[in-house]
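Tertiary structure, described
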Amino acid sequence: METERIYLDHNATTPLREEVVESMARVLRDLPGNPSSPHREGALARRRIGEAREQVAGCLGVAGRSVVFTAGATEANNLVLRGLLGQGASVHPRHLVTSTAEHPSVLAPAEDLEKGGVRISRLSVDDEGMVERSGWLEALEHAPSLVSLLWANNETGVVQPIEEWAEEASARGVPFHVDATQAVGKWPISLDQTSIDYLSCSAHKLNGPKGVGCLIHRAGPAPSPLLAGGGQERGMRGGTENVAGIVGFGVACELAQGELAERMDHYQRLRDRLWDALKQTLPSVRRNGPDPSAVLPNTLNVEIPHTAGDVLVEALDLEGVAVSAGAACHSGSVSPSHVLVAMGRSAQQAQASLRLSVGLGNDSGQIDRAAEWIGLLARRAGAENSDAG
Ligand SMILES: Cc1ncc(COP(=O)(O)O)c(C=O)c1O
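Residues numbered from 1 in each chain as written. Predicted model: local features only at pLDDT ≥ 70, side-chain atom pairs only at ≥ 80, totals over all residues. Heavy atoms only, no water.

In this section: the overall build of the protein chain. Counting its secondary structure elements, the protein chain contains 11 helices and 12 strands. On the principal axes, the C-alpha backbone points of the protein chain span a range of 70 × 55 × 35 Å. Split into buried and exposed, the 389 residues of the protein chain put 56% on the buried side. The long-range share in the protein chain, meaning contacts at least 24 apart out of those at least 6 apart in sequence, stands at 72%. In the form shown here, the protein chain has an accessible surface area of approximately 15,800 Å², with 51% of it arising from carbon and sulfur atoms. Taken together, the 35 basic and 48 acidic charged side chains of the protein chain have centroids lying 4 Å from each other. (Helix = DSSP H or I, 4+ residues; strand = E, 2+ residues; numbered from the N terminus. Buried < 20%, exposed > 50% of the residue type's maximum accessible area, 1.4 Å probe, protein only. Contact = heavy atoms within 4.5 Å. Areas by Shrake-Rupley, 256 points an atom, 1.4 Å probe, with all protein chains shown as cover. Lys, Arg positive; Asp, Glu negative; His and termini not counted. Charge placed at Lys NZ, Arg CZ, Asp CG, Glu CD.)

The following block contains the structure:
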């Protein structure tokens, strides 16, 4: 008999909500038009995209016209970084401020840009994963041309005081980009009350489809397109739109907006229950990150001394529990998480860490069973060495 799966990897991706599936199926079945076509079929597809744009914008508290649909947050991050600082850059001097604990979809384009002569300042994070304020204030003094920081870290869930920092950047006329991929749907966001100029997010982190997301462009220069073509998305993203994906994204955003308080409460109760259970069963377990009030309510990153996270992930998988040993993008490689290393953890500590991220489908019974399995398998893997000692 197939064991019941307990999915605790919602920061990697989330299952689709039924309402999302239905909305997408309707588009695939009933809306054959190209949204750029002038005829009725085209107009119907165009109208659905317009509605989805308003739903996404509503969830983020911003005007619909600032939404630029992309194929996800990786593309949105690349669009803003390369599109502003790449060849033919629209901002000067070419100087990007970011941090050492960013997602690879910011770190990698930043590295490419650096090879092309762009100055990159990488701010350090402290042992709790918060970007160091002293470095931030110093970087601002150099009047950089763009800041790009995570709102919430995908591995630790650590939430930065992004609104305050965007305000400080704005006071000096510095454009501010935030990767809010993990924050949207799990943390209150009201962009029009902030000084954030650009924001990236992705549908599949909030129970929408994979392969669709957006860049919000509220103010500041428009990035040059990565994909030049038919002039779609105000010229910032050429190519016929992924109509079904965009519609699913819109529905996912509307649901997330309406259910935000309820979701945050549900996630936090489960996450805290998991932490309490783990502390009971594994006294040596340590939390990677600050006080939970500054962490996404669904995320728990823990170090279980004397274990190997990747081995534990495999063993848990066999028992029906899906967790992550680091960012999903790193799986398949045993290199320690750059985020935990940036927080000052040794390679060994980072490799003994697990990321547990709860979501809509989880309940307390699942949490209790998962905690039992983690305790049992971690002890079997060697965690009792430290607990006994
Ligand atoms: C913080 C963050 N940024 C960007 C991405 C990339 O998003 P996508 O999968 O839509 O390209 C992810 C996904 O793991 C993420 O967690």
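On we go.
Another aspect to go through is the packing of helix α3 (residues 73-85) against helix α4 (residues 104-115). Where α3 meets α4, the axes come as close as 9 Å, and the angle between the chain directions of the two elements is 25°. With respect to α4, the axis of α3 lies roughly parallel. Crossing of α3 over α4 shows right-handed handedness. For the pair α3 and α4, contact is made by Thr74, Asn77, Asn78, Leu81, Arg82 and Leu85 and by Ser105, Val106, Pro109, Ala110, Asp112 and Leu113, respectively. (Axes fitted to C-alpha atoms, helices over the stretch in contact; angles between N-to-C directions. Parallel < 35°, antiparallel > 145°, perpendicular 65-115°, else oblique. Left-handed = near helix turned anticlockwise from the far one by under 90°.)

Right, let's get into the sheet that holds strand β6 (residues 176-179). Across the sheet, which stays open at both edges, the seven strands sit in the order β2-β8-β7-β6-β5-β3-β4 with mixed pairing between neighbours. Taken across any chain shown, the strands that pair with only one partner, and hence form the sheet edges, are β2 (67-70) and β4 (119-123). Sheet twist, expressed as the average angle between the axes of neighbouring strands with direction ignored, equals 20°. As judged from the five bridges shared by strand β3 (residues 95-99) and β4, these two strands associate in the parallel manner. Following the sheet pairing, Thr98 is matched in β4 by Arg122. Taken strand by strand, helix α2 (residues 40-60) contacts β2, β7 (198-202) and β8 (213-217), and its axis lies near 110° from that of β2. (Pairing = 2+ DSSP bridges.)

All right, on to the pairing of β3 then. Summarising burial for β3: five of the five residues are buried, a large majority. Neither face of β3 is exposed, since His95, Val97 and Ser99 on one face and Leu96 and Thr98 on the opposite face are all buried. Tracing the backbone out of β3, into α4 and back to the parallel element β4 gives a crossover that is right-handed. Pairing of β3 with strand β5 (residues 146-150), which is carried by two bridges, proceeds in the parallel orientation. Each residue of the ladder has a partner; that of Leu96, found in β5, is Leu146. (Right-handed = clockwise from strand over helix to strand, strands pointing away.)

In the region of the ligand, 14 residues are neighbours, and Thr74, Asp179, Gln182, Ser202 and Lys205 sit closest. His103 places a side-chain nitrogen or oxygen 3.3 Å from an oxygen atom of the ligand. In this structure, an oxygen atom belonging to the ligand sits 2.7 Å away from a side-chain N or O atom of Lys205. In isolation the ligand exposes 390 Å². Once the protein is present, 88% of that is buried. Among the elements that take part in the shell around the ligand, α3 stands out by supplying three residues, more than any other. Residue composition of the shell around the ligand, grouped by class: two nonpolar, 10 polar and two charged. (Near = heavy atom within 4 Å. Polar contact = N/O pair within 3.5 Å; in protein donor to acceptor, adjacent residues only side chain to side chain. Nonpolar A, V, L, I, M, F, W, Y, C, P; charged D, E, K, R; others polar.)

Next up on the list: the pairing of β7. β7 sits mainly inside the fold: five of its five residues count as buried. In β7, alternate side chains face the same way, and those of Tyr198, Ser200 and Ser202 on one face and Leu199 and Cys201 on the other are all buried. Pairing between β6 and β7: three bridges, direction parallel. Bridging across to β7, His177 finds its partner in Tyr198.

It is worth spelling out the domain arrangement of the protein chain at this point. Domain annotation of the protein chain identifies domain 1 (6-14 + 260-388) and domain 2 (18-255). Using only C-alpha atoms to locate each centre, domain 1 and domain 2 end up separated by 28 Å. Contacts between the two partners involve 32 residues from domain 1 and, on the opposite side, 33 residues from domain 2. One can count 16 residue pairs in polar contact (both at pLDDT 80 or more) joining domain 1 with domain 2. Only α7 (243-281), β10 (299-303) and α9 (338-342) provide two or more residues apiece to the side of domain 1 that touches domain 2. (Domains from an automatic or database assignment.)

Take the nonpolar core next. Leu60, Phe69, Trp151, Phe176, Ile196, Leu199 and Phe249 are the most contacted members of the largest nonpolar core, which has 61 residues in total. If you tally residues by element for this core, the top one is α7, at 10 residues. Both domains that meet at this core, namely domain 1 (6-14 + 260-388) and domain 2 (18-255), each give it at least three residues. What Phe249 contacts, discounting residues up to four positions off in sequence, is Val56, Phe69, Cys201, Ser202, Ala203, Leu206, Pro209, Val212, Gly213 and Cys214. In terms of nonpolar packing, the next biggest core, distinct from the first, is built from 26 residues, Leu278, Val302, Leu356 and Ala371 among them. (Core = buried A, V, L, I, M, F, W, Y, C linked by side-chain atoms within 4.5 Å.)

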